[in-house]
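Observations on the three-dimensional arrangement
Here's the letter readout for the chains.
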Amino acid sequence: MARTSVRARRVARATAPARARAVAAVEPGVLDPKAWRVRTAKLPVWPLTVMFGLMPVWWGLGVWYFVWPFFGVILLALLTTRGDVRMPTGTWLWLILLGLVAISATRLERVTSLLIFGMRLGHLFTALIVGIYVYNLARDRVGWARIANPLALFWLAMVALGWLGVIAPKLSVPSPLTMVLPDSVRGERFITDLARLDATEFNPSSRNPIYRPAAPYPYTNNWGTAYCFLVPFVLAYVTSVRRGVLRIVLLVSLPLSVVPAFLTLNRGMFIGLGAGVLYLLGREALHGRMRMMLPVGGLLFAGWVVTLFIPVLDLITRRTSTTDTNSDRFDLYAQTWAAVMHSPLLGFGQPKSVDTTHAAEPLGTQGMIWQLLYSHGIPATICFYLILLLVARRLAAAVTPAGLWLSSLPVIAAIVTPFYAYIDPNMSVLFFAVGLGLAAVDGPVNREPREKPA
């Protein structure tokens with residue numbers, strides 16, 4: 001019996017490879033190690049480079065806002081193909097938010113409104129996918145600098161286009177997309193604003209207009225929002241990456257960026273950055289550390305130097321005294337809230353123009369909170385703030401200088417919501433940086449760029 005059992009085991013071991021080959025012939029790929037290699041392969045960085053690094057190309061063609069959601073689809077396809085996707089903090093709340101926003105489409109009054117609604121929903125979806133993609137790249141131990149480089153290039157392009165608004169403030173030309181749009185679509189103000197190439201935003205009815213840098217965005221407030229989100233990211237980059245040409249360029253770009261930033265006259269931008277700085281200093285003070293004082297002092301000094309040449313306060317005072325910007329905003333906010341009470345659960349799908357407001361902007365604009373409330377309802381608005389709260393709580397575990405700078409982002413994002421809306425590429429900018437921060441606190445990441453073989 002014992003000899004028979006031993007002999008049977010030997011025969012089984014000898015014939016196992018043959019049986020495996022037979023099964024593989026019937027079911028190709030089942031036992032082939034190559035079939036599973038894709039699940040352990042690292043995600044490529046090039047889609048982020050095409051998406052963020054080539055932003056000036058997409059802007060120059062006039063298609064930037066319109067192609068952005070398609071990049072999200074590409075990232076999702078790569079994540080799905082690779083498999084083994086790690087989900088960062090707040091993902092389930094993001095999915096609930098997307099569901100609530102999608103349901104609010106039932107409140108749209110016109111079928112033609114689905115185009116703009118779908119684009120905004122696509123921007124929210126893309127922001128989630130960008131955050132997950134970056135998070136998984138970092139958790140796969142891809143070099144921190146290699147992941148962050150596309151967003152660093154985005155920052156440099158934004159600063160350069162901001163300077164275009166300083167040097168050529170009256171530049172306004174139709175984009176290639178604008179030239180091929182049908183007349184019916186060209187009649188939509190929002191579409192033409194997105195497709196046209198304007199270096200600045202200004203009031204055409206003013207006798208002495210103030211030209212405020214806006215490119216690559218259609219509105220200068222979008223430029224200010226991106227600035228709020230990108231300054232902490234750039235500071236995180238230069239404190240984490242200790243070598244390389246790009247680091248030197250970023251260090252030079254920071255003081256240069258102050259000029260177009262100040263000329264935007266965006267009060268919300270100053271408030272957002274100020275809130276982020278106060279948050280960081282407060283955190284450091286609670287732990288008895290003052291290491292953030294030096295970089296913060298450097299930023300404040302650079303800002304003070306610029307005010308010697310640009311009378312920012314005088315320009316803001318002049319702008320608010322010659323226009324009804326404050327009264328228009330308050331009137332818009334009051335009427336937006338009154339309208340929300342008629343549809344508090346789902347909102348109205350998207351902002352809507354009315355004749356009863358003194359402002360030229362539709363109800364549900366001029367602030368993220370107002371856009372969410374009016375377009376998608378109170379539950380969606382609460383869901384978004386809970387996302388920021390969860391992310392802020394998780395990033396509070398950061399202890400490195402780079403992590404501290406990134407931890408300020410959800411705070412800044414929440415503070416600017418009464419002033420600026422960012423259901424656009426800026427949402428992806430925000431969660432690109434947040435994805436890096438969450439990966440750093442959730443597990444080890446490769447902070448040094450990989451050395452290229454000689």
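Residues numbered from 1 in each chain as written. Predicted model: local features only at pLDDT ≥ 70, side-chain atom pairs only at ≥ 80, totals over all residues. Heavy atoms only, no water.

**Observations regarding the pattern of salt bridges**
Counted by the stated rule, this structure contains 4 salt bridges. Residue arginine 82 pairs with aspartate 140 through a salt bridge whose shortest N-O separation is 2.6 Å. Of this pair, arginine 82 sits in helix α5 (residues 64–82) while aspartate 140 sits in the loop between α7 (114–139) and α8 (144–167); the two residues are 58 residues apart in sequence, bridging distant segments of the chain. Across the pair aspartate 198 and arginine 196 runs a salt bridge whose closest N-O atoms are separated by 3.6 Å. Residues joined in a network through salt bridges with shared partners are Arg82, Arg86 and Asp140. (Salt bridge = Lys/Arg side-chain N within 4 Å of Asp/Glu carboxyl O. Helix = DSSP H or I, 4+ residues; strand = E, 2+ residues; numbered from the N terminus.)

**Concerning the packing of aromatic side chains**
Evaluation of the coordinates by the stated rule reveals 20 aromatic pairs. Look at phenylalanine 52 and phenylalanine 154: their rings are 5.9 Å apart centre to centre, the planes differ by 65 degrees, and that puts the pair in the edge-to-face class. Taken together, the positions of phenylalanine 52 in helix α3 (residues 46–53) and phenylalanine 154 in helix α8 put the pair 102 residues apart, joining distant regions of the chain. Accessibility expressed as a relative area gives 0% for phenylalanine 52, which makes it buried. Relative to phenylalanine 154, the ring of tryptophan 64 lies with its centre 6.1 Å away and its plane at 50 degrees, an arrangement referred to as tilted. Residue tryptophan 64 is located in helix α5, and its partner phenylalanine 154 is located in helix α8; the two are separated by 90 residues in the primary sequence. Pairwise contacts between aromatic rings join Phe52, Trp58, Trp64, Tyr65, Trp68, Phe71, Phe154, Tyr217 and Phe432 into one cluster. (Phe/Tyr/Trp six-rings, centres within 6.5 Å; stacked < 30°, edge-to-face > 60°. Buried < 20%, exposed > 50% of the residue type's maximum accessible area, 1.4 Å probe, protein only.)

**Side note on the confidence of the model for the protein**
Scored by pLDDT, the protein has a mean of 82; 76% of the residues are at 70 or more. Scored below 50 in pLDDT, residues 16–39 shows 10 contacts in the model against residues more than four places distant or in partner chains. Predicted confidence is poor over residues 449–454, with pLDDT under 50, and the contacts of this stretch with residues over four places away or in other chains come to 5 contacts. (pLDDT = per-residue confidence, 0-100. Contact = heavy atoms within 4.5 Å.)

**Describing the nonpolar core**
Phe52, Trp155, Phe233, Tyr237, Tyr422 and Met427 are the most contacted members of the largest nonpolar core, which has 111 residues in total. Ranked by residues supplied to this core, first place goes to α7 with 14 residues. Excluding its chain neighbours within four sequence positions, the residues that come into contact with phenylalanine 52 are Trp68, Val130, Pro150, Leu151, Phe154, Ser428, Val429 and Phe432. One finds Ala339, Leu363, Trp370 and Tyr374 within the second-largest nonpolar core, a separate group that totals 9 residues. (Core = buried A, V, L, I, M, F, W, Y, C linked by side-chain atoms within 4.5 Å.)

**A closer look at the packing of α8 against helix α22 (residues 425–442)**
Direction vectors running N to C along α8 and α22 enclose 160 degrees, while the axes themselves pass 11 Å from each other. In this view, α8 runs roughly antiparallel relative to α22, as classed from their interaxial angle. The two elements α8 and α22 cross, and the hand of that crossing is left-handed. Seen from α8, the contacting residues are Trp144, Ile147, Ala148, Leu151 and Phe154; seen from α22, they are Val429, Phe432, Ala433 and Leu436. Grouping the amino acids of the contact of α8 with α22 by side-chain chemistry returns 9 nonpolar, no polar and no charged. (Axes fitted to C-alpha atoms, helices over the stretch in contact; angles between N-to-C directions. Parallel < 35°, antiparallel > 145°, perpendicular 65-115°, else oblique. Left-handed = near helix turned anticlockwise from the far one by under 90°. Nonpolar A, V, L, I, M, F, W, Y, C, P; charged D, E, K, R; others polar.)

**Things to note about the environment of isoleucine 412**
In this structure, isoleucine 412 sits in helix α21 (residues 409–415). A sequence separation of 143 residues divides isoleucine 412 from methionine 269, and the C-alpha atoms of the two residues are 9.2 Å apart. The contact partners of isoleucine 412, leaving out residues within four places of it in the chain, are Cys228, Phe229, Pro232, Gly272 and Gly276.

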